[in-house]
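Fold and geometry: a report
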Amino acid sequence: MKDFRGKVVVITGAGSGMGRDIAVKLAHRGARLAISDVTPDGLAVTEKLVREAGAEVHSQLLNVAEREAVLTYADTVAEHFGVVNVVFNNAGIAHHGEIERTEFKDIERVMDVDYWGVVNGTKAFLPHVIASGDGHIVNTSSLFGLLAEPGQAAYNSAKFAVRGFTEALRQEMIVAKHPVQVSCVHPGGIKTAIARNATVSGDHDQKATAALFDRYLARMTSEDAADVIIDGVRKNKARILVGTDAKILDIAVRLVASKYQWVSAKLTGWAMSKAG
Ligand SMILES: NC(=O)c1ccc[n+]([C@@H]2O[C@H](COP(=O)([O-])OP(=O)(O)OC[C@H]3O[C@@H](n4cnc5c(N)ncnc54)[C@H](O)[C@@H]3O)[C@@H](O)[C@H]2O)c1
């Protein structure tokens, strides 16, 4: 996918953060856009921005966790534009809490959106993307799909699963000789609403956790992240690492293998003792 001009690009979770910025940037590159989100206000803002950039746009409320709705949506988009080239399965949510104090429903909610949302979007659009003759599926995992962290088990589970699903898909497209490229996106800390919209369990304070993320961990702007992701898609990268943190920690984990868990546990324990 060297040139997005005239290409039909589907973006889930387009009402905020990286989904919105990818949409706006691809609108400027001449793509035709199918944007969706579960939040109407955010989606309306993105729709306005991409229209101002001159893009042809189809905008629809969609919960990626609702399989039947996603299947119907894929047919609607394909019928509307006549073709579907690129799908960004970007929608996602976060949850912070230790396994001991996290309810099953919290883990299920994250899996439903972050993992099953990606599976639903991929399966629903794949026949259309194959039929396009020039397609690309872009699934968003995370740095937390490369390494696990205390308090992130729900998110880690979903994002590791997205990585496995996507890496298998890329190989299957090669084996089947389908004209479909596949990329897995692993952002580090990006300045978006993800932590502010996250849920927490146990005695974690939602606002304090979000403030910590926004202040210390979110290093890159969403606009810059969107540039890196689009560039990675253009270069057909299997793994798109977004941010210096993602790049360094990816190498570190591969160098020390499972020993990273000891370091991570010690650092987290130290940070928690400082926080009181
Ligand atoms: N921000 C980061 O530091 C970071 C790091 C790694 C991975 N990610 C991943 O990047 C992707 C984009 O997140 P972001 O950081 O831009 O966050 P964001 O919160 O700004 O945007 C996420 C969007 O997804 C939408 N969404 C949530 N649940 C949905 C559902 N069930 N159906 C449809 N849309 C839904 C939200 O309404 C929101 O508009 C997510 O998959 C996230 O897990 C983010």
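Residues numbered from 1 in each chain as written. Predicted model: local features only at pLDDT ≥ 70, side-chain atom pairs only at ≥ 80, totals over all residues. Heavy atoms only, no water.

**What to know about the pattern of salt bridges**
We apply this condition: The salt bridge definition used is simple: a Lys or Arg side-chain nitrogen within 4 Å of an Asp or Glu carboxyl oxygen. Note on classification: 1.4 Å probe, protein chains only; a residue is buried when its accessible area is under 20% of the maximum for its type, exposed when over 50%, partly exposed between these limits. The way it works is that DSSP assigns letters per residue, a run of H or I at least four long becomes a helix, a run of E at least two long becomes a strand, and they are numbered from the N terminus.
Under the definition given, this model contains 14 salt bridges. Among the salt bridges present, the one from Lys105 reaches Asp106, with a minimum N-O distance of 3.7 Å. Classification of Lys105 by relative accessible area gives exposed; the value is 53%. Residue classification places Asp106 among the buried residues on the basis of a relative accessible area of 7%. The salt bridge partner of Arg254 is Asp250, with a shortest N-O separation of 2.7 Å. Separated by 4 residues within a single helix, Arg254 and Asp250 lie in helix 8 (residues 244-256), roughly one turn from each other.

**Describing the packing of aromatic side chains**
The description of two aromatic rings rests on the distance between their centres and on the angle between their planes. For clarity, the threshold we go by: Pairing of aromatic rings covers Phe, Tyr and Trp, the last counted by its six-membered ring, and requires centre-to-centre distances within 6.5 Å; plane angles under 30 degrees mean stacked, over 60 mean edge-to-face, and any other angle means tilted.
For the coordinates displayed, the defined rule picks out 4 aromatic pairs. Considering the side-chain rings of Tyr73 and Phe125, the 5.9 Å spacing of their centres and the 85 degrees angle between planes classify their relative orientation as edge-to-face. Separated by 52 residues along the polypeptide, Tyr73 in helix 3 (residues 67-81) and Phe125 in helix 4 (residues 104-132) bring together distant segments of the chain. The exposure class of Tyr73 is buried, given its relative accessible area of 1%. Assessed through its relative accessible area of 1%, Phe125 is described here as buried. Look at Tyr115 and Trp116: their rings are 5.1 Å apart centre to centre, the planes differ by 65 degrees, and that puts the pair in the edge-to-face class. Using a relative accessible area of 35% as the deciding quantity, one classes Trp116 as partly exposed. Members of the aromatic cluster, each reached through a chain of ring pairs, are Tyr115, Trp116 and Phe165.

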